[in-house]
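Observations on the model geometry
Spelled out from the first residue to the last, the chains are:
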Amino acid sequence: MSKAFDLRRHLPSTAFVIVALLIIGAFGGIFIYLGVYNIGADAPHSKLVYGTLDEFRERSIATHARDIKVPADLNDPKRIAAGAGLYNEMCTGCHLGPGLEKSELSQGLYPAAPEFAREPGQPAAEQFWTIKHGVKMSAMPAWGKTHDDQLIWDMVAFIGQLPKMTPEQYKAAVASAPESHDEMMEHMPPMAGQMDQHDPASKPHTHAPGHEHSH
Ligand code: HEC
């Protein structure tokens, strides 16, 4: 039988592949070193780059959230009420909420923070993972550094309610939340930075960046 088709004869040699990779790598290094790429948040990605990064993030989160079990009591009204307080205090600056105006912070974000009141979010387990661990190279912080899993599930529970909430219902939910952040954090071991814990005159502290700035 004659050799009709020998694949190897059509492939580039190993040496060629190595040299080609080195050249591509060198160009990559020069591109980075020269700083020609515009890292500014006000210079949008091309559609292709944006789509690739989006898929990169989505696949990473889906894989990492794979084994997370959603608690059976996710829709417990107590959870949702606690989540309302936490969400309103820490998340609205970027993610807004029913009846809330765009903030200076939210308008400058790139990638933009999704508005949970408008778009259906990720599945609950993925939201939990994202809130706990944050997202690199975006403004989404890792709240798990300062909040335990219970509190994070409370927020997931509340986010799930947002799309069907009117501005009035949103206000009512926030009003029904446990009084202060400290109260919600009560079961957590005391942390450095919570100096006001035993001072009855102190106000509940606000964690959301920018909320307390005076212009
Ligand atoms: C400083 C701004 C900022 C704050 C504050 C913030 N986030 Fe985010 N968040 C973002 C950004 C930006 C993204 C989008 C990241 C991306 O697309 O790569 C995001 C993404 C998310 C996602 C994933 C959404 C999806 O469907 O892809 C969840 C869930 C989330 N945030 C929850 C929260 C919660 C809960 C809080 C409050 C505890 C919070 N975030 C506070 C900026 C913020």
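You'll find the structure just up there.
Attention here is on the structure that accompanies the text. This structure is a prediction, so every number in the text was calculated from the model and none was measured. (Residues numbered from 1 in each chain as written. Predicted model: local features only at pLDDT ≥ 70, side-chain atom pairs only at ≥ 80, totals over all residues.)

What about the overall build of the protein?
- Counting its secondary structure elements, the protein contains 10 helices and zero strands.
- In sequence order, the secondary structure elements of the protein are arranged as α-α-α-α-α-α-α-α-α-α.
- When each of the 215 residues of the protein is scored for burial, the buried share is 20%.
- Put simply, 69% of the contacts in the protein that link residues at least 6 apart link residues at least 24 apart. (Helix = DSSP H or I, 4+ residues; strand = E, 2+ residues; numbered from the N terminus. Buried ≥ 20, exposed ≤ 12 C-beta atoms within 10 Å, placed from the backbone. Contact = placed C-beta atoms within 7 Å.)

Examining the nonpolar core
- Counting 27 residues, the largest nonpolar core has Tyr87, Ile152, Met155, Val156, Phe158 and Ile159 as its most contacted members.
- Not counting chain neighbours up to four residues away, the residues in contact with tyrosine 87 comprise Thr92, Met155, Phe158 and Ile159. (Core = buried A, V, L, I, M, F, W, Y, C linked by C-beta atoms within 7 Å.)

A closer look at helix H4 (residues 77-90)
- Its 14 residues place the ends of H4 20 Å apart at the C-alpha level, agreeing with the 20 Å of an ideal helix rising 1.5 Å per residue.
- Burial within H4 is extensive, with 10 of its 14 residues counted as buried.
- Among the residues of H4, Arg79, Ile80, Ala82, Gly83, Ala84, Gly85, Leu86, Tyr87, Glu89 and Met90 are the ones counted as buried. (Expected span 1.5 Å × (residues − 1).)

So, the environment of aspartate 154
- Structurally, aspartate 154 is set in helix H8 (residues 149-161).
- Sequence-wise, aspartate 154 and phenylalanine 128 are 26 residues apart; in three dimensions their C-alpha atoms are separated by 9.6 Å.
- The residues touching aspartate 154, leaving out its near neighbours within four places in the chain, are Arg79, Ala82, Gly83 and Leu86.

Notes on unusual backbone geometry
- Cis geometry marks the peptide bond from tyrosine 110 to proline 111, where omega comes out at 0°.
- As for its position among the elements, proline 111 is in the loop between helix H6 (104-107) and helix H7 (124-133).
- Here leucine 96, not a glycine, exhibits a phi torsion of approximately 55°, which is positive.
- Within the element layout of this structure, leucine 96 appears in the loop between helix H5 (92-95) and H6.
- Not every positive phi belongs to a glycine, and methionine 137 is a case in point at roughly 55°.
- By the element assignment, methionine 137 lies in the loop between H7 and H8.

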